[in-house]
Amino acid sequence: MSSSFSDRLAVLPQYLMPKQALTAFAGWVAGSQWGSATTGIIDWFVQRYNVNMAEAANPDTASYKSFNEFFTRPLRPDARPLAATSYVSPVDGAISQCGPIDGDQVFQAKGHSYSTLALVGGDPALAAQFQNGEFATLYLSPRDYHRIHMPCAGRLTRMIYVPGELFSVNPTTARGVPGLFARNERVVCVFEGEHGPFVMVLVGATIVGSMATVWHGVVNPPRPGAVREWTYEMGRISLAKGEEMGRFLLGSTVVMLFPKGAVQFEKDWAPSRPIGMGEPMGTRP
């Protein structure tokens, strides 16, 4: 059996399961406050996924009132020092893919790619800015720290909510579902930086109860089934390199787009490599 056929077979149940209902239920459970029962769920999760609570600003699992509060926990101020380089990793996780954009095509996995136009929600002018540019797709597993930070300083100009599917975003699904990251629900955050525009796309997934940004709060739910957009006066919201910009409630993926010539990734940045927030990601060529 070929690996590609095996991957497609592995993700087949996801086409059939009630992903929206499962996600809504998971969001309800994660936001509930059940006292000792909540602590029990958190302790099970810490043990199951080998979560390093020594890095947390508050390592006491019994102090978290809900699973969401635990899942989006801050780290100690000294846990993730920022590298002195042009671009830093915005998250803890692993590299799914990174490298050049082929025209308007972003590489997803062997045999799969998707367009920048589809990823950003169908805006041709926005997508055109990343023609032959660079991208990085970063996967956050359940055990990772789930706050998202800025890879470089930027001024927010737009935020676009794009409705979509809620497939899992793990590596097997990335290999088995065509156009996964431009197919799932997502929040597209558009920034203007020192070296031009860049985009950070927060991709939703099965049982990701919600995605939030620091300037807006929870973006979803609601899930209205239509594109929503917010625009921001240039300079009204400016975030420094390494500053928090958002968070996932349960694990997911961040896709970043940069214009041609804006970033040169570190030589050791390659698929499956573990990464930590604040470590060197790249430099200005």
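Please refer to the structure higher up on the page.
Residues numbered from 1 in each chain as written. Predicted model: local features only at pLDDT ≥ 70, side-chain atom pairs only at ≥ 80, totals over all residues. Heavy atoms only, no water.

Enquirer: I'm lost on the environment of Lys 260 in this one. Help?
Expert: Within the fold, Lys 260 resides in the loop between β15 (253–258) and β16 (264–265). Sequence separation between Lys 260 and Pro 100 is 160 residues, and the spatial gap between their C-alpha atoms is 8.4 Å. Look past the residues within four positions of Lys 260 in its chain and what remains in contact with it is Gln 131, Asn 132 and Gly 133. (Helix = DSSP H or I, 4+ residues; strand = E, 2+ residues; numbered from the N terminus. Contact = heavy atoms within 4.5 Å.)

Enquirer: Could you clarify how one ought to interpret the pairing of strand β11 (residues 217–220) in this entry?
Expert: Two faces make up the sheet, and in a regular strand the side chains alternate between them. Here strand β10 (residues 210–213) pairs with β11 via three bridges, running antiparallel. Bridging across to β11, Met 211 finds its partner in Asn 220. (Pairing = 2+ DSSP bridges.)

Enquirer: Looking at this structure, how should I read helix α3 (residues 36–49)?
Expert: Owing to its 3.6 residues per turn, the α-helix aligns residues three or four sequence positions apart on the same side. Relative to the 20 Å expected for 14 residues at 1.5 Å per residue, α3 spans 20 Å between its end C-alpha atoms, a close match to the ideal helical length. Taken residue by residue, α3 has Thr 38, Thr 39, Ile 42, Phe 45 and Val 46 as its buried positions. Along the axis of α3, the buried positions cluster into a sector of 125°, meaning they face one direction only. Pointing more than 90 degrees away from the buried face of α3 are the exposed residues Ser 36, Trp 44 and Gln 47. If you follow the buried residues of α3, they end up packed against α4 (67–71). Asn 50 sits one or two positions beyond α3 and adopts a positive phi of about 55°. (Expected span 1.5 Å × (residues − 1). Buried < 20%, exposed > 50% of the residue type's maximum accessible area, 1.4 Å probe, protein only. Arc of directions from axis to C-beta.)

Enquirer: What's the story with the sheet that holds β10 in this structure? I'm lost.
Expert: Within the open sheet, the four strands sit side by side as β6-β14-β10-β11. Their pairing is antiparallel. Each edge of the open sheet is held by one strand with a lone partner, namely β6 (147–149) and β11. On average, each strand axis in the sheet is inclined to that of its neighbour by 30°, with strand direction left out of account. Bridge analysis of β6 against strand β14 (residues 244–249) gives three bridges, and the strand direction is antiparallel. Counted as the bridge partner of Arg 147 is Arg 247 from β14. (Axes fitted to C-alpha atoms, helices over the stretch in contact; angles between N-to-C directions.)

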